[in-house]
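The residues making up each chain are set out below.
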Amino acid sequence: MGVRCIFEMAYRNNTVYPQCGCKTLKHYRCKVMRKSNLFNALLNFFSETDAFLLAKLLKDNLYKETIRYQEIDIVESQKKDLILLAFEERVLIPVKSRSGPAWEDKILDFRKDGHYFIPSFVKAMVNTICETGKPSCHTAVRKTLTHVIQEDLSGFIKLLQTIMKHAYNYVFETGLLNIFFKETVVDGDLHDIIDIFVICGMISPCPQKSLMTGLSWYEINPTLYWDKTFLS
């Protein structure tokens, strides 16, 4: 059943729209959401249903520091799958963890008081899409880093682009970072810069993969690849 069912059909008994779970009085907001820049941009990466639900999730909670499970205003039958998708795409991260802050150590928490957060880079990317109608990594990265770095950001952006170009399936091995760092001529300590990228939600260490291979690995937030022009 396609997303157009949200706008064209209702369950006969209770007038609930099957994809968004909205009743008639609330349904107007869903029609508005379908016209939003964010929803239309997400259609480039997700199905209509997933794009709609992700857009709703992000717009409803964009300015919250943390989000409780019960605050996510999605029909219960779709909420867990949506949270799983959002976590896989690294746009929504659980607070609960097995051991540390790495994404792969996080645990999905479907209790009512389970907490999640949207990484700061993702917030900047979503804001950029809402304002312009398209993803711009240059804009989102600058918005994010400006809050923590006072110097020129060109070298930091170039380092990030180089890392992304050498990643495979959003993962890269850190052994080449020293070479990349020298090529980009960034002032400062490499480890400090990597820590900043981690704090901002652009990358995350992969402790389990590192333990298995004996090498140090990081994963890149998939939202960085939404802007196809960033690496061209």
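The following paragraphs examine the structure supplied in this document. Not measured: the values here are computed from a predicted model. (Residues numbered from 1 in each chain as written. Predicted model: local features only at pLDDT ≥ 70, side-chain atom pairs only at ≥ 80, totals over all residues. Heavy atoms only, no water.)

1. As for the sheet that holds strand 5 (residues 203-205)
Rule in force here: At least two bridges found by DSSP between two strands is the condition for calling them paired. Secondary structure follows DSSP: runs of H or I at least 4 residues long count as helices, runs of E at least 2 residues long count as strands, and numbering of each begins at the N terminus. Angles shown run from 0 to 180 degrees and are taken between the N-to-C directions of axes, each axis being a line fitted to C-alpha atoms and, for helices, limited to the stretch in contact.
Read across the open sheet, the 3 strands follow the order 4-6-5; overall the sheet is antiparallel. Each having just a single partner strand, strand 4 (171-173) and strand 5 make up the two edges of the open sheet. For this sheet the average axis-to-axis angle between neighbouring strands, irrespective of direction, equals 30°. Sheet analysis places strand 4 next to strand 6 (residues 217-220), joined by 3 bridges and oriented antiparallel.

2. Let's talk about the layout of surface pockets
Note the cut-off: Each cavity reported here is a set of points on a 1 Å grid over the protein atoms alone in which a 1.4 Å probe fits but cannot get out, each pocket an open set with protein on both sides within 12 Å along at least five of seven lines, and each lining residue one with an atom within 4 Å of a point. Grid points are joined across faces, edges and corners, and a volume is the space filled by probe spheres set on the points. The nonpolar class holds Ala, Val, Leu, Ile, Met, Phe, Trp, Tyr, Cys and Pro. Asp, Glu, Lys and Arg form the charged class, and all remaining residues, Gly among them, are polar.
The space that makes up the largest pocket amounts to roughly 190 Å³. Taken together, 14 residues form the lining of the largest pocket, with Pro101, Trp103, Phe117, Val198 and Ile199 sitting closest to its centre. Among the elements that line the lining of the largest pocket, the one with the most residues is strand 5, at 3 residues. When the residues that make up the lining of the largest pocket are grouped by side-chain class, the tally is 11 nonpolar, 3 polar and no charged.

3. Here we look at the environment of asparagine 40
Applicable threshold: Exposure is judged per residue with a 1.4 Å probe applied to protein chains only, and the accessible area is read against the type maximum: over 50% gives exposed, under 20% gives buried, and values in between give partly exposed. By the criterion applied in these results, polar contacts are pairs of N or O atoms within 3.5 Å in which, for protein atoms, one can donate a hydrogen and the other can accept it, and in which residues neighboring in sequence qualify only through two side-chain atoms.
Positionally, asparagine 40 belongs in helix 3 (residues 37-42). Look at asparagine 40 and you get partly exposed, because its relative accessible area is 38%. The spatial distance from the C-alpha of asparagine 40 to the C-alpha of isoleucine 129 is 9.5 Å, given a sequence separation of 89 residues. Within the structure, asparagine 40 has its side chain in polar contact with the backbone oxygen of serine 36 (distance 2.8 Å).

4. With respect to the packing of helix 6 (residues 120-132) against helix 7 (residues 137-145)
How we decide: Note on angle classes: values under 35 degrees are labelled roughly parallel, values over 145 roughly antiparallel, values of 65 to 115 roughly perpendicular, and the remainder oblique. Crossing chirality is assigned from the near helix's rotation relative to the far helix, an anticlockwise turn below a right angle marking it left-handed and a clockwise turn marking it right-handed. By definition in these notes, contact holds between two residues if any of their heavy atoms fall within 4.5 Å.
Two elements in contact, helix 6 and helix 7, have axes whose closest approach is 8 Å; the angle formed by their N-to-C orientations is 130°. Classified by the angle between their axes, helix 6 and helix 7 sit oblique to one another. Classified by chirality, the crossing of helix 7 by helix 6 is right-handed. Where helix 6 abuts helix 7, its residues Ser120, Phe121, Ala124, Met125, Asn127, Thr128 and Glu131 lie against Cys137, Thr139, Ala140, Val141, Lys143 and Thr144. When the residues that make up the contact of helix 6 with helix 7 are grouped by side-chain class, the tally is 6 nonpolar, 5 polar and 2 charged.

5. Quick word on the packing of helix 8 (residues 154-165) against helix 9 (residues 177-184)
Interhelical geometry of helix 8 versus helix 9 gives an angle of 140° and a closest axis separation of 9 Å. Accordingly, the angle class assigned to the pair helix 8 and helix 9 is oblique. Crossing handedness for the pair helix 8 and helix 9: right-handed. Seen from helix 8, the contacting residues are Gly155, Lys158, Leu159, Thr162 and Ile163; seen from helix 9, they are Leu177, Phe180, Phe181, Glu183 and Thr184. Of the residues belonging to the contact of helix 8 with helix 9, the class tally is 5 nonpolar, 3 polar and 2 charged.

6. Remarks on the pairing of strand 6
Along strand 6, one buried face is formed by Trp217 and Glu219 and the opposite face, lined by Tyr218 and Ile220, is buried too. Here strand 5 pairs with strand 6 via 3 bridges, running antiparallel. Looking at the pairing, serine 204 lines up with glutamate 219 of strand 6.

7. Quick notes on the sheet that holds strand 1 (residues 67-68)
The 3 strands are arranged 1-3-2 in an open sheet whose pairing can be described as antiparallel. Only two strands of the sheet have a single neighbouring strand rather than two, namely strand 1 and strand 2 (93-94). Of the pairings in the sheet, the one linking strand 1 to strand 3 (residues 115-117) comprises 2 bridges and is antiparallel in character. Bridging from a neighbouring strand, isoleucine 67 pairs with tyrosine 116 of strand 3.

8. Some remarks on the packing of aromatic side chains
For any pair of aromatic rings, the description rests on two quantities: the centre-to-centre distance and the angle between the ring planes. Keep this limit in mind: Classification of ring pairs rests on two measures: the distance between centres of Phe, Tyr or Trp rings, Trp counted by its six-membered ring, which must be within 6.5 Å, and the angle between planes, read as stacked under 30 degrees, edge-to-face over 60 and tilted in between. Throughout this description, the term charge over a ring refers to an Arg CZ or Lys NZ atom that lies within 6 Å of the ring centre and within 35 degrees of the ring normal.
On inspection of all chains with the given rule, the structure shows 7 aromatic pairs. Judged by centre distance (6.3 Å) and plane angle (85°), the rings of phenylalanine 46 and tryptophan 226 are edge-to-face. Taken together, the positions of phenylalanine 46 in the loop between helix 3 and helix 4 (48-61) and tryptophan 226 in the segment after strand 6 put the pair 180 residues apart, joining distant regions of the chain. Residue classification places phenylalanine 46 among the buried residues on the basis of a relative accessible area of 13%. Residue tryptophan 226 is classed as buried on the basis of its relative accessible area of 6%. Following the ring pairs from residue to residue traces out a cluster consisting of Phe45, Phe46 and Trp226. Directly above the aromatic system of tyrosine 69 lies the positively charged group of lysine 79, at a separation of 4.4 Å from the ring centroid. In this structure, arginine 90 is placed above the aromatic ring of phenylalanine 87, and the distance from its NZ or CZ to the ring centre is 4.7 Å.

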